[in-house]
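# Observations on the three-dimensional arrangement
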Amino acid sequence: MMLPLLLLLAQSGLDLPPAGYFPARDGRIYPLYGMRGNLVLGEPLEEGVTSAIRMDGVTAASSAAGVRVGGEFIGAEQLRENRILTPRIVWLAEPARLAERKPRIVIVAKADGVWQRIEYEGGTLAERDRQAIAAGSAALDSDGRLWTASERTVSCGERTWEMETAVETLHALSEGWVLIRAGERLYAAQCRHADLTVVPEPEP
Amino acid sequence: MKAVLACMLVALPAAAQLEVFTVRGTEERPVSGLVALGETATGEALQAVIRIRNTSDLLATITTLSLSGTGFTLESAPSLPKSILGKFSIDFYVRFLSESAVTDARAALRINTITITFSAAAVAAPTLYLLETDGSRTKRTAGVPSIFANTERGLRSSRTFLLDNPHDTAVRAGAIAVAGDSFLWNELLAGPMDLPPRSSRRIEIVFQPATSGLKTGALTIDARRYPLEGVATEPAPPRPSISVSEETLKSGKQVRVAIRLESVSRANTTGRLRLEFTPAVSGPEDPGILFPATNSRTIAFVVREGEPVGLFSGSRDTVLQTGTTAGKLRLIADTGGYTAEATYTIDPAPVVAETVTVKRGIEIMEVLIKGFDNSRTPEQVSFRFFNRDGVEVPPGILTSLIADKFRTYYQTTTVGGMFQMLAVFPASTTTISIAAAEVEFRNGYGISRTERLSF
């Protein structure tokens, strides 16, 4: 006999609402907090950091020298191969980047001058598939949705935006956010909403 | 000015010795018996600098210094007697000016016992006058600038000159021209102009500067050059006003702000828009109230000629982020000596749950809420869960009093009124049948409830 379902509110916690890390035009990596209509910039990570990712309360930051995961530093010479850094964070050696570990890891990266969708096996980190993407810029959001940009047009598949100027880069954050750099402005978009939020950015 | 130079040594009774020179720039030339000043137009002066140097070591005294001859005068001459220390010198001018034509005018300059002869000629030429607004006229001499009224860049002003023949014979102005980008005239007058006796012609010169600043030019009549000067001023910019895309400002929004000008600008200038915020609640400053384009509460704009609005990096407006704190937001725009202000009140409001994410475990439910409370007064949060048939899962409404937790959180938060709240719900059995949830917040300004969220 099935027991009746009974829920209890056991605990609740409060924190800053993170949106992810992004490279600002001053060359530094910044944490971004907030939501539609209200984004706030945190303090930049140390100089030289080229990308960062946060999972389960651990921040991994890569630089030319290597990757720092929490308090541990892994030198570049040790990162020549794909590597599991934490149960949730992996290092993919080619193209070099941090990624979230899933049963099937899919990234979008530019390799040999061409945007590509690359798929890895989550347990062994072995490459399983690689396909070219015809776009000026591309990114995979945290929901696994492919975003592409060509000239002024940005598409997340089910929605399209026409920007005022040509799109230079797309950069995925967490919770489906993708940053669109177009001209002097940086916008944040989510595929489920038509509106764009302008991202605060320090002047270079 | 032309001069023929000669040398003369003047022996003085006291055995002191004086030498006389003409001076041009830094060059001295010894003077002998005759100094030819050259030829000039009637009404235009010829002038020579004369230097007397005491070449001895003794004190020399000049007791006689005089000049006789029609049209010749001494300028800046010393009072007599004048003593000159050994190896020292004094300077003065010999000037020639004739209003009528003369072919060989002569004058004798006496320095103590010595006489030097000066010669000059004046050729009949028209006289140039500047007509004043009161109808009077001012004689212009070559080399002395005629000043135009200060004129706004892009506009024009003019001055009228009168070329007058005061002679009883006809005179000719062979070549007339106006130089300088900002000065215009009727070039049909450029050719040789014959003026009958006692007649005159008007020349109107227009000052039309394209850019601001001091502008110079010249009216040339044969070999005479009459400088022209005018100051081009920058047009005053129009009075600005602040325009916001929303009539009422609310928290958690990005709105567009424009600087409207009362007329299309003829000026090019810069301006600055800034915001001041007075929170209605205590606690840390809200860093989300800013202009995202600069990540600050100040942003520069330009007022450009032909534009009815200020331009922010080329755009006709800029984005203002209202943040997540209730209070008074004041916008201040400064440009061209004007200050425009607009004040908006962001009222305290019920909690906004911007996103709610539900994660279902086997015997646990996790609800993650991202939102904000611009009054920072959350009191209570309630959750309701529903199965696939829409039946509420027991025990029904699960309520938590959250005032203390939020009070502590808001004492140290660095993101204004924003928060991320994780609520964990252990279940007595599998949660697979749970299909929807509702979340309700209550704060000091009301109750807000999400729609029923299916998952």
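Here, the structure is the one placed above.
Residues numbered from 1 in each chain as written. Chains lettered and ligands numbered in written order. Predicted model: local features only at pLDDT ≥ 70, side-chain atom pairs only at ≥ 80, totals over all residues. Heavy atoms only, no water.

## What to know about the overall build of chain B
The line we're drawing: In this description a helix means any DSSP run of H or I spanning at least four residues, a strand means any run of E spanning at least two, and both kinds are numbered starting from the N terminus. Each radius of gyration reported is based on C-alpha atoms, and the globular scaling rule is 2.2 Å times the count of residues to the power 0.38. Residue burial is assigned from relative accessible area. The probe radius is 1.4 Å, only protein chains are included, and a residue is buried under 20% of its type maximum, exposed over 50%, and partly exposed in between. What makes two residues a contact is simply this: any of their non-hydrogen atoms within 4.5 Å. Every accessible area reported is derived by Shrake-Rupley at a probe size of 1.4 Å, with residue values counting cover from the shown protein chains alone. We score Asp and Glu as negative and Lys and Arg as positive, and we do not count His or the chain ends. Charged groups are reduced to one reference atom each: NZ for lysine, CZ for arginine, CG for aspartic acid, CD for glutamic acid.
Of the regular secondary structure elements, chain B holds one helix and 40 strands. Over its C-alpha atoms chain B spans a radius of gyration of 44 Å, topping by over 25% the 23 Å that the globule rule assigns to 455 residues. Counting only C-alpha atoms, chain B reaches 135 × 60 × 35 Å along its principal axes. Of all 455 residues assigned to chain B, the portion counted as buried reaches 46%. Of the contacts made within chain B by residues no fewer than 6 positions apart, 67% connect residues no fewer than 24 positions apart. Here chain B has roughly 21,300 Å² of accessible surface; of this, 50% comes from carbon and sulfur atoms. Here chain B carries 47 positive and 45 negative side-chain charges, and the mean point of each set is 2 Å from the other.

## Some words on the side chain of Ser146(B)
Residue and element names in this part refer to chain B. The criterion, for reference: In the analysis that follows, any N or O atom pair within 3.5 Å is treated as a polar contact, provided that within protein one partner can donate a hydrogen and the other can accept it, and provided that, for residues neighboring in sequence, both atoms belong to side chains.
Inspection of the secondary structure puts Ser146 in strand E15 (residues 146-147). At 3.0 Å, the side chain of Ser146 forms a polar contact with the side chain of Arg140. Contacts of Ser146, omitting those with residues within four sequence positions, involve Leu130, Arg140, Phe161, Pro227, Leu228 and Glu229.

## Quick look at the state of the cysteines
Residues and elements named next belong to chain A. This is how the line gets drawn: Disulfides are defined as cysteine sulfur pairs within 2.5 Å.
Following the criterion strictly, the structure yields one disulfide over all chains and no others. A sulfur-sulfur separation of 1.9 Å characterises the disulfide bridge that pairs Cys156 with Cys191. With the S-S dihedral at roughly 70°, the linkage between Cys156 and Cys191 falls on the right-handed side. In this pair, Cys156 is assigned in the loop between strand E17 (153-155) and strand E18 (160-162) and Cys191 in the loop between strand E21 (185-190) and strand E22 (197-198), connecting sequence segments 35 residues apart.

## Some remarks on the interface of chain B and chain A
The criterion, for reference: Put simply, buried area is how much 1.4 Å-probe accessible surface two parts lose in total, over both of them, once they are put together. In the sections that follow, a salt bridge refers to a side-chain nitrogen of Lys or Arg positioned within 4 Å of a carboxyl oxygen of Asp or Glu.
Taken together, the contacts link 55 residues of chain B with 39 residues of chain A. Carbon and sulfur atoms supply 59% of the area that chain B and chain A bury against each other, a total of about 3,900 Å² over both sides. Linking chain B with chain A are two salt bridges, by the criterion used here. Among the ionic pairs, Glu175(A) bridges to Lys370(B), the shortest N-O distance being 3.0 Å. For the pair chain B and chain A, the number of links is 14 residue pairs in polar contact (both at pLDDT 80 or more). Mapped onto the side of chain B that touches chain A, the elements with two or more residues apiece are strand E26 (254-261), strand E30 (318-322), strand E33 (352-360), strand E34 (364-372), strand E35 (378-387), strand E36 (398-401), helix H1 (403-412) and strand E37 (418-426) of chain B.

## Some remarks on the packing of aromatic side chains
Here the distance between the centres and the angle between the planes together describe a pair of aromatic rings. Test applied: Note on aromatic contacts: the rings of Phe and Tyr and the six-membered ring of Trp form a pair at centre separations within 6.5 Å, being stacked when their planes are under 30 degrees apart, edge-to-face when over 60 apart, and tilted otherwise. Whether a charge sits over a ring comes down to the Lys NZ or Arg CZ being within 6 Å of the ring centre and within 35 degrees of the ring normal.
Counted by the stated rule, this structure contains 14 aromatic pairs over all chains. Here Trp147(A) and Trp161(A) contribute two aromatic rings whose centre-to-centre distance is 5.4 Å and whose plane-to-plane angle is 10°, an arrangement assigned as stacked. Of the two residues, Trp147(A) sits in strand E16 (residues 146-150) while Trp161(A) sits in strand E18, which places them 14 residues apart along the sequence. Of the residues examined, Trp147(A) reaches a relative accessible area of 0% and is grouped as buried. Taking the centre distance of 5.6 Å and the plane angle of 55° together, the rings of Phe301(B) and Phe312(B) count as tilted. Here Phe301(B) is found in strand E29 (residues 298-303), whereas its partner Phe312(B) is found in the loop between E29 and E30, with eleven residues between them in sequence. For Phe301(B), a relative accessible area of 2% gives the class buried. Aromatic ring contacts, followed pair by pair, group Phe406(B), Tyr409(B), Tyr410(B), Phe419(B) and Phe441(B) into a single cluster. Note that Arg452(B) overlies the ring of Phe386(B), its terminal NZ or CZ placed 3.5 Å from the centroid.

Remember that the coordinates give geometry; whether it matters functionally is a separate question.
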